[in-house]
Each structure stands twice: as C-alpha cells, then as structure tokens.
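Structural overview
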Amino acid sequence: MVAESPHLSTEAGQGGLIASAARQGAQEPDARPLWATVNICDTDRSPNALGVRTSVPGNGSSQRIFARYTAQWWSSAQQKWLTVGGSGVTDWVQLGDADMTSRQAGWTFQFVQPPEGKTYVMRGVVELQWRGLVKQWRKAHRNRAHKGRRANSSRGRKSRRARIAVVRERTLLTATGMKNVQGGDPLGLSKAMCLIW
C-alpha cells in the first residue's frame, strides 16, 4: 500500500462518498439489518488494523450466504478509492445459511506502521452473494444399439437438473452509525472510514 497524507476536505470528494455510504447503510424503521461498517480502527489493542463488519438478514430459505471483504485507501493524487494491493481482498467466506433472522461476520486487515507524518485513509467494501440450487432443463442424449449398429439418437427428451448458482448479489460500503455492532474495538464502534497513522 502506498502511504500518503490525503487531503480530507469535501473538495477531495470524500464528503459525498461518506454521505452516500451512510445513506446506503442507514436502516429504515423496521428494516432488517443489512449493513457494513468499520468496527476496528487502529487502537492500542489492534494497532494498524482495519476491522470490517457486516450484518446480513436471513430470508428463510436454504440458500447459503457468502461475503468477500475488500480494504480500500483514498488516493488524493488520483481523487478516488483504490484497493489495497497484496492481501487487500479476501477469498469468499461462507457466513451461513439464509434460514436465520440475521447474522454478523467480519474481517480484520493488518497494515504496516505508516512512516511518521503519513496517514492511511481507509474504508471497507463488502460483496455479498446468496447461493442456492437452481433447476434447469437439459436435453438428454442417449446411445442405443439398432440391428447391430450403434446410433446416436436425440429423442427430444428433457430432464431437470439442479446446480448451485448465485441467485442474488449486493455490494455495501462501510457506513457510520450502525446499531448493535459486535466484535468492535471499542465495543459498538461503527464508522464509515478509518485513519491509520
């Protein structure tokens, strides 16, 4: 990751990004919890760490929910968020079955200490997938022997087969002000961004 001292004014574009992330993650009354937030941010117990937490509601189905976590840093030179190189993107992690009320899970990214006078401005991105069985029709081909000769015959017969596929996807940016956040340092921490310095 490149270390730099980002310009933190709204002219750098972050004001709108923060507001957009907050709007995306904000919960409406009676809404089931679907959000991503920063719950660990460079503390004494977790130095140079970015913790990204997500809450996913269930839908009562037998689908399985997977998450992939990404750490991003703000580049003032390019005026955009960039993905951290190396281990800045996790593999897909299974969160569990969708037959539940809601579930929280997260990932903690560790960084080297920035050089003195440098700051990393970080955020998290969480990609979610719901995977389940999808039925599809397939044409069945059979080989049969006919008077001592083999002939390939397609009789138009169809069969139904099931395969596992992504049935729904969602991408969340870390947002501030989420309620009942677990595993934070300190407990309950919920931020859109994190400064590591």
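For the structure, check the block above.
Attention now goes to the sheet that holds strand 2 (residues 49–57). On the basis of which strands lie adjacent, the open sheet formed by three strands has the order 1-2-6 and antiparallel pairing. In the strand order of this sheet, the two ends are held by strand 1 (35–41) and strand 6 (102–110), each with one partner. Across this sheet, the average inter-strand angle for adjacent strands is 20 degrees, counted without regard to direction. Looking at chain direction, strand 1 and strand 2 are connected through six bridges and run antiparallel. Bridged to C41 within strand 2 is L50.

Throughout the structure, instances matching the rule amount to one disulfide. Across a sulfur-sulfur distance of 2.1 Å, C41 and C194 are joined as a disulfide pair. A torsion of 95 degrees about the S-S bond marks the disulfide between C41 and C194 as right-handed. With C41 in strand 1 and C194 in strand 11 (residues 194–196), the pair connects residues that are 153 residues apart, well separated along the chain. As far as the burial class goes, C41 and C194 line up, both buried.

Right, let's get into the pattern of salt bridges. Following the criterion strictly, the structure yields three salt bridges and no others. Taking the shortest distance from any N to any O, the salt bridge between D97 and R64 comes out at 3.2 Å. Separated by 33 residues along the polypeptide, D97 in strand 5 (residues 93–97) and R64 in strand 3 (residues 64–75) bring together distant segments of the chain. The exposure class of D97 is partly exposed, given its relative accessible area of 37%. R68 is the salt-bridge partner of E127, the closest N and O atoms lying 3.0 Å from each other.

What follows deals with unusual backbone geometry. Of the consecutive residues D185 and P186, the connecting peptide bond is found in the cis state with omega at 0 degrees. We note that D42 has phi near 45 degrees; this positive angle belongs to a residue other than glycine. Summarising the element assignment, D42 is placed in the loop between strand 1 and strand 2. A positive phi is found at Q79, a non-glycine position, where the angle reads about 60 degrees. Among the secondary structure elements, Q79 is positioned in the loop between strand 3 and strand 4 (80–83).

Moving on, we get to the nonpolar core. By size, the foremost hydrophobic cluster in this structure holds 29 residues, and its most contacted members are L50, Y69, L95, F111, M122 and L128. Sorting the residues of this core by element identifies strand 1, strand 2, strand 3, strand 6, strand 7 (120–139) and strand 11 as the ones contributing at least two each.

There is about 190 Å³ of room inside the largest pocket. Surrounding the largest pocket, S61, S62, Q63, R64, F66, Q94, R131, G132, L133 and I164 form its lining. Elements represented by at least two residues in the lining of the largest pocket include exactly strand 3 and strand 7. Per element, the largest residue contribution to the lining of the largest pocket is three residues, and it comes from strand 7. Split by residue class, the lining of the largest pocket holds three nonpolar, five polar and two charged. By volume, the second largest pocket is sized at about 160 Å³. Lining the second largest pocket we find 13 residues, and of these V84, G85, S87, Q110 and F111 sit closest to its centre. When residues in the lining of the second largest pocket are grouped by element, the largest group, four residues, is from strand 6. Of the residues contributing to the lining of the second largest pocket, the split by class is seven nonpolar, six polar and no charged.

Thresholds applied
- Residues numbered from 1 in each chain as written.
- Predicted model: local features only at pLDDT ≥ 70, side-chain atom pairs only at ≥ 80, totals over all residues.
- Heavy atoms only, no water.
- Pairing = 2+ DSSP bridges.
- Helix = DSSP H or I, 4+ residues; strand = E, 2+ residues; numbered from the N terminus.
- Axes fitted to C-alpha atoms, helices over the stretch in contact; angles between N-to-C directions.
- Disulfide = S-S within 2.5 Å.
- Buried < 20%, exposed > 50% of the residue type's maximum accessible area, 1.4 Å probe, protein only.
- Salt bridge = Lys/Arg side-chain N within 4 Å of Asp/Glu carboxyl O.
- Core = buried A, V, L, I, M, F, W, Y, C linked by side-chain atoms within 4.5 Å.
- 1 Å grid on protein atoms, 1.4 Å probe; cavity = no way out; pocket = protein on both sides within 12 Å on 5 of 7 lines; lining within 4 Å.
- Points joined across faces, edges and corners; volume = space filled by probe spheres on them.
- Nonpolar A, V, L, I, M, F, W, Y, C, P; charged D, E, K, R; others polar.

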